[in-house]
Amino acid sequence: MSFEWIIKIILENGPMFIRGAGITLLISITGTILGSLIGLIVGVIRTMPMPERGSKRVALKVTNAILSAYIEFFRGTPMIVQAMVIFYGSALAFGWDMDRLVAAIFIVSINTGAYMSEIVRGGIISIDRGQFEAAHAIGMNHIQTMLNVVLPQVIRNILPATGNEFVINIKDTSVLNVISVTELYFQTKSVAGNNFRYFESFFVACIIYFIMTFTVTRILRFIEKKLDGPENYILCGNQMQVERPEDMLRRTKP
Amino acid sequence: MEKVVDIQHLSKSFGNHEVLKDIDFSVNKGEVVCIIGSSGSGKSTLLRCINLLEKPSGGQIIYKGENILDDQHDIYAYRTKLGMVFQQFNLFNNHDVLGNCVVGQMKVLKRSKADAEKVAMRYLKVVGMDQYIHAKPKQLSGGQKQRVAIARALSMEPDVMLFDEPTSALDPEMVGEVLTVMKELAESGLTMLIVTHEMGFAKDVADRVVFMDKGVIAEEGSPEQIFNNPTQERTREFLKRTLSM
Ligand SMILES: Nc1ncnc2c1ncn2[C@@H]1O[C@H](COP(=O)(O)OP(=O)(O)O)[C@@H](O)[C@H]1O
Ligand SMILES: [Mg+2]
């Protein structure tokens, strides 16, 4: 009976599933983080104000062209195909024998980066011009404005989209079995290949995938709430609000 | 008298729309100048050109004997010397009240956190917002936001404060609290350049009133002169229209 098989499969192959799930999480966490960083950098570059003339203008134009080509290409082709092209292509072209895990993280990162770039760009554009101008008016340059005013708001605003990418990555790393990364799908295939119980084995994988994505969603929701801070503020009764406890001690002591 | 900023032959076009035409204008140290004029006459553009939020098409802006429109001039350092208060407040939404007043001091002027907070508290007290340092912008009323915006600009300790219709976006009952703060600042000797539609305020606090019309300075003089004995027909017309409202 199926149910007994499921128990048996879990008991016999537990460590394999766990290891697979671990690799899946490792690839998708690292890929999402690196991808988000790529997205932030690319998004900031693509929203830089265009200098009116000179070599800087040319450099920025060329960079923007390359970056949009990158975004279009990776968003316009399936990751499973990119994996094959990059892994086997690098072996063919440069004679590299890429570590499969490194290749997997690389592919997920630049893929996520392509999507996140557009999400970040949208987030930057959605911050009202007034805050950029106020930052410039107190003497901040583009980078300072981005780091101190714009990006903190963008990061908060794109957190749901980032979480979404993370969940997608957990699921989509399964396609990386084509380059034999020992993630959860690959491990499940091995288990099923030994016991010929395809339904039961993949049912176990299914549950594990769901637990991972569900947990991640909850954690992200919690972080969002935390970042928003308290709904209300407390009025400060006296003028000593910025005093540290040490200062207060010093002041009250004669 | 020492000129804080001296503008010579300033012009600005958007495409082929000439918004400012050959403006000659300066602000003296300790002076309060109010700019009045109908909507679209180029008042905001003039203010925005002065702190280079818009790039002037021609002319010079002399600050401390140097033309800051020279290519090699450090416009970021120059901007810290001009405080700007916007009609829409433009507070940084990711910072609380104190953070808004501290971030520029720390990142641009490189002051220590303790120094920056001390300065910020001093000016937040001036605008009466020292009790609200932990409030986020979205938790404040319009009048409170504008007072924080004023404190933020003052915290950079600029040579001159520029105000672009600071009360125009406010509900009527909040206009008073902002004007009161501005009046106190004027009396304390701060150099101020104020675009405003509050004629009573201009009459009351301005040392000099500038009337702009269609991208030129049509007339300037003391408040008495502009409001009681304008020499230009268009000034008279504008005042008649505005004061009858
Ligand atoms: N960024 C811009 N692009 C094109 N035209 C502009 C821009 N900013 C202002 N203008 C035009 O310049 C003129 C003066 O505008 P503004 O300085 O805002 O006037 P005021 O502040 O006196 O109401 C208006 O006709 C306006 O349409
Ligand atoms: Mg205006």
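What counts and what doesn't
- Residues numbered from 1 in each chain as written.
- Chains lettered and ligands numbered in written order.
- Predicted model: local features only at pLDDT ≥ 70, side-chain atom pairs only at ≥ 80, totals over all residues.
- Heavy atoms only, no water.
- UniProt positions renumbered as here; feature names shortened; annotations may be inferred.
- Helix = DSSP H or I, 4+ residues; strand = E, 2+ residues; numbered from the N terminus.
- Axes fitted to C-alpha atoms, helices over the stretch in contact; angles between N-to-C directions.
- Parallel < 35°, antiparallel > 145°, perpendicular 65-115°, else oblique.
- Left-handed = near helix turned anticlockwise from the far one by under 90°.
- Contact = heavy atoms within 4.5 Å.
- Pairing = 2+ DSSP bridges.
- Salt bridge = Lys/Arg side-chain N within 4 Å of Asp/Glu carboxyl O.
- Buried < 20%, exposed > 50% of the residue type's maximum accessible area, 1.4 Å probe, protein only.
- Near = heavy atom within 4 Å.
- Polar contact = N/O pair within 3.5 Å; in protein donor to acceptor, adjacent residues only side chain to side chain.
- Areas by Shrake-Rupley, 256 points an atom, 1.4 Å probe, with all protein chains shown as cover.
- Nonpolar A, V, L, I, M, F, W, Y, C, P; charged D, E, K, R; others polar.

(A) Inspection of the UniProt feature "transmembrane region" (unreviewed entry) in chain A at higher detail. Residue and element names in this part refer to chain A. As annotated by UniProt and renumbered to match this structure, "transmembrane region" (unreviewed entry) occupies residues 20–45, 66–89, 101–120 and 202–223. Split by type, residues 66–89 is 88% helix and 0% strand. Its first and last C-alpha atoms lie 21 Å apart. The span residues 202–223 is 100% helical and 0% strand by assignment, and the distance between its end C-alpha atoms comes to 32 Å.

(B) A look at the packing of helix H5 (residues 142–155) of chain B against helix H6 (residues 172–187) of chain B. Residue and element names in this part refer to chain B. As a packed pair, H5 and H6 sit with axes 8 Å apart at the nearest point and diverge in direction by 20°. Taken together, the axes of H5 and H6 are roughly parallel relative to one another. Crossing hand, H5 versus H6: right-handed. Side by side, H5 and H6 meet where Gly142, Gly143, Gln144, Gln146, Arg147, Ile150 and Leu154 of the first sit next to Met174, Glu177, Val178, Val181, Met182 and Leu185 of the second.

(C) Layout of the sheet that holds strand E9 (residues 208–213) of chain B. Residues and elements named next belong to chain B. Taken in spatial order, the 6 strands line up as E6-E7-E8-E3-E9-E10 in an open sheet, and their pairing is mixed. Either end of the sheet is taken by a strand with one partner, and the two such strands are strand E6 (82–85) and strand E10 (216–221). Between one strand and the next, the sheet's axes are offset by a mean angle of 20°, whatever the strand orientation. Bridging between E9 and E10 involves 5 bridges; their strand directions are antiparallel.

(D) A look at the pattern of salt bridges. For the structure shown, the criterion picks out 19 salt bridges over all chains. Between Asp159(B) and Lys64(B) there is a salt bridge, and its shortest N-O distance comes to 3.5 Å. Taken together, the residues span a long stretch of sequence, with Asp159(B) in the loop between H5 and strand E7 (160–164) and Lys64(B) in the loop between strand E4 (58–63) and strand E5 (66–67) at a distance of 95 residues. Asp213(B) is the salt-bridge partner of Lys214(B), the closest N and O atoms lying 4.0 Å from each other. Judged by relative accessible area, Asp213(B) falls into the buried class, the value being 10%. The network of salt bridges with common partners includes Arg46(A), Glu118(A) and Arg121(A).

(E) The UniProt feature "domain: ABC transmembrane type-1" (unreviewed entry) in chain A, seen in detail. In the numbering used here, UniProt assigns the "domain: ABC transmembrane type-1" (unreviewed entry) feature to residues 21–220 of chain A. Summarising residues 21–220 of chain A: 82% helix, 0% strand, and an end-to-end C-alpha distance of 19 Å.

(F) Region of interest: the pairing of E9(B). Residues and elements named next belong to chain B. Within E9, 6 of the 6 residues are buried, which leaves the element mostly enclosed by the surrounding structure. Residues Arg208, Val210 and Met212 of E9 are buried on one face, and the alternating residues Val209, Phe211 and Asp213, pointing to the opposite face, are buried as well. Bridge count for strand E3 (residues 32–36) against E9 is 4 bridges, and the pairing is parallel. Bridge pairing in E9 links Ile35 to Val210.

(G) Seen up close, the site of ligand 1. Residue and element names in this part refer to chain B. Within the structure, ligand 1 sits among Phe14, His17, Val19, Ser38, Ser39, Gly40, Ser41, Gly42, Lys43, Ser44 and Thr45. One of the backbone N or O atoms of Gly40 is found 2.7 Å from an oxygen atom in ligand 1. Interatomic distance of 3.0 Å between a backbone N/O atom of Gly42 and an oxygen atom of ligand 1. With the chains in place, 61% of the 560 Å² that ligand 1 exposes on its own is no longer accessible. Elements that contribute at least two residues to the shell around ligand 1 include exactly strand E2 (17–28) and helix H1 (43–50). By residue number, the principal contributor to the shell around ligand 1 is H1, which donates 3 residues. Split into classes, the residues belonging to the shell around ligand 1 amount to 2 nonpolar, 8 polar and 1 charged.

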